[in-house]
Amino acid sequence: MSIKSILSKPFAKLIAKKVYKDSFNAAQVQQKIFRHLISEAEHTLFGKDHHFSKITSYEDFKQQVPVRDYEALKPYVNKVVDGAPDILWKGKPLYFAKTSGTTSGAKYIPLTKESVPTHINAARNALLMYIAETGNSKFVDGKMIFLQGSPELGETNGIKTGRLSGISAHYVPKYLLKNRLPSWETNCIDDWETKVDAIVEETYHENMTLISGIPSWVQMYFEKLIQKSHKKVGTLFPNFSLFVYGGVNFEPYRNKFEELIGRKVDAIELYPASEGFIAFQDSQKEKGMLLLVNNGMFYEFIPADEFFDDNPTRISLSEVKLGVNYVIILSTNAGLWAYNIGDTVEFVSLSPPRIIVTGRIKHFISAFGEHVIGKEVEQAMHENTKNTAIQISEFTVAPQITPKTGLPYHEWFIEFEKEPKDLEAFSKKLDDSLQKQNSYYLDLIKGKVLQPLKITPIQKGGFNSYMKSVGKLGGQNKVPRLSNDRKIADELSKFSVK
């Protein structure tokens, strides 16, 4: 065990103590963050337009600052992109995290001198919290990899611009640089399949201890490793002990991962967004991710079933309840104000506040009034693949409103690694699980408005082929779990098993 590994343990204990102190005093910490944000931005254009100088309470803030998405905030963002200072936050941002929006085209999310460290420290603290709980620090002595976008940055009116993961690559601590893979040159490869092949070559003979990335893309990496070595990943990398992921629910992939690795490894879930690092899994024993209450963001929550109402309930962290599906709203030290990032969350613990991500407010199926959300279809899949031989690579769900015969239904596009012996029985179990979770869906089935779901098997590699066909293979791109239309479904149908 190295000095670095030994020293990480007392440091991890200190960080864990501080993080939990904030978490168990979440309401007070959030109030302090709120006052700081308002004070710091009082003299910005946004602060003047919204009378920040007169805001003395959260109630005042709700009166002065409406909830906005990127499109609604775009007039201010455009001024920042054009190079004007003191628009959303004092001065100019250090970076723009460029993301591909579905309705707004490219999005330019500002990252400021104040906000950049919150991203870096949160990622570090997630690992330290794991060390503090488990005592496992051996992974810091081996090689670590994060499957991410290119670290090459462009420029927008003098401000460096790129993917958040690429920007973060410039802030890897010096003590980890020797441990980090892949090389800078490999990370800069644009074509995802070429990049993964290069990563396999670079890591094949290394002592890999930590592997991180979106599960679907890490799965591709694992499969290529096995294809080259004819060994399970856990045999090839005997010291591999920690998988770090974010962006999607890991449960649908867990069975497949355990087979590819050949054993179980611990996993840490992260909830980073370009807008802010919101939460991370702080415990291997407790459900959910710890909401980061002292990370430069003030949180608000709107019950998801009220979100599209004219005057929805809008509450702070101190008022949330367990088991309610909320749209999460952020105000940040990067100058985003009452900003809807589009995600929905549910609290599984209030003290400390822990959340699970339940889906996207725009990613749901309610073609018939059922309002099925991502959490429900993922739970149905998890229930019916857990402790079975069934393995899935990827899946998504869409409504079939005008079938050639019979009633409408939900169509599940599933790429199986190992198919169920009886596809019809598996379909029924999935449908039963969904009915138990969603009373609206149950009523529509019972009322003969919908027929039970149907599965369309997708050929192996079909989801990757689809993503490649739309120019979104690799990086942080992922297929939505749910769609309320047939845009994705109709394209995916081209890759169905004939």
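This one's a predicted model, so the numbers in the text were calculated from it and none came from an experiment. (Residues numbered from 1 in each chain as written. Predicted model: local features only at pLDDT ≥ 70, side-chain atom pairs only at ≥ 80, totals over all residues. Heavy atoms only, no water.)

K.L.:
I keep staring at the pattern of salt bridges and nothing clicks. Help me out?
P.N.:
Any two side chains of opposite charge can pair, given that their charged atoms come close. Counting across every chain of the model gives 21 salt bridges. The closest approach of N and O atoms between Asp343 and Arg360, which form a salt bridge, is 2.6 Å. Of this pair, Asp343 sits in strand 15 (residues 339–350) while Arg360 sits in strand 16 (residues 353–360), and the two are 17 residues apart along the sequence. With relative accessibility at 11%, the residue Asp343 sits in the buried group. Residue Arg360 is classed as partly exposed on the basis of its relative accessible area of 34%. In this structure, Asp432 engages Lys428 in a salt bridge whose closest nitrogen and oxygen atoms are separated by 3.0 Å. With Asp432 and Lys428 both in helix 15 (residues 423–437), this residue pair falls four residues apart, about one helical turn. (Salt bridge = Lys/Arg side-chain N within 4 Å of Asp/Glu carboxyl O. Helix = DSSP H or I, 4+ residues; strand = E, 2+ residues; numbered from the N terminus. Buried < 20%, exposed > 50% of the residue type's maximum accessible area, 1.4 Å probe, protein only.)

K.L.:
Explain the sheet that holds strand 15 here, please?
P.N.:
Working definition: the strands of a sheet are paired by backbone hydrogen bonds and lie parallel or antiparallel to each other. Reading across from one edge, 6-3-7-8-9-10-11-16-15-14-12-13 is the order of the twelve strands in this open sheet, with mixed pairing throughout. Because the sheet does not close on itself, it has two edges, and the strands there are strand 6 (180–181) and strand 13 (315–316). Two elements, strand 3 (residues 143–146) and strand 6, share two bridges in a ladder whose sense is parallel. Of the residues in strand 6, the one forming a bridge with Met144 is Arg180. Against the sheet, helix 2 (residues 26–40) contacts strand 12 (297–303), strand 14 (325–332) and strand 16, and its axis sits at roughly 110° relative to strand 12. Packed on one face of the sheet, helix 6 (residues 116–134) meets strand 7 (208–212), strand 8 (242–246), strand 9 (266–273), strand 10 (276–280) and strand 11 (289–291) and runs near 10° to strand 10. (Pairing = 2+ DSSP bridges. Contact = heavy atoms within 4.5 Å. Axes fitted to C-alpha atoms, helices over the stretch in contact; angles between N-to-C directions.)

K.L.:
I'm lost on the environment of Met208 in this one. Help?
P.N.:
Inspection of the secondary structure puts Met208 in strand 7. For the pair Met208 and Phe237, spaced 29 residues apart in sequence, the C-alpha to C-alpha distance is 5.7 Å. Beyond its immediate chain neighbours, meaning those up to four positions away, Met208 contacts Lys143, Met144, Ile145, Leu181, Thr203, Phe237, Asn239 and Phe240.

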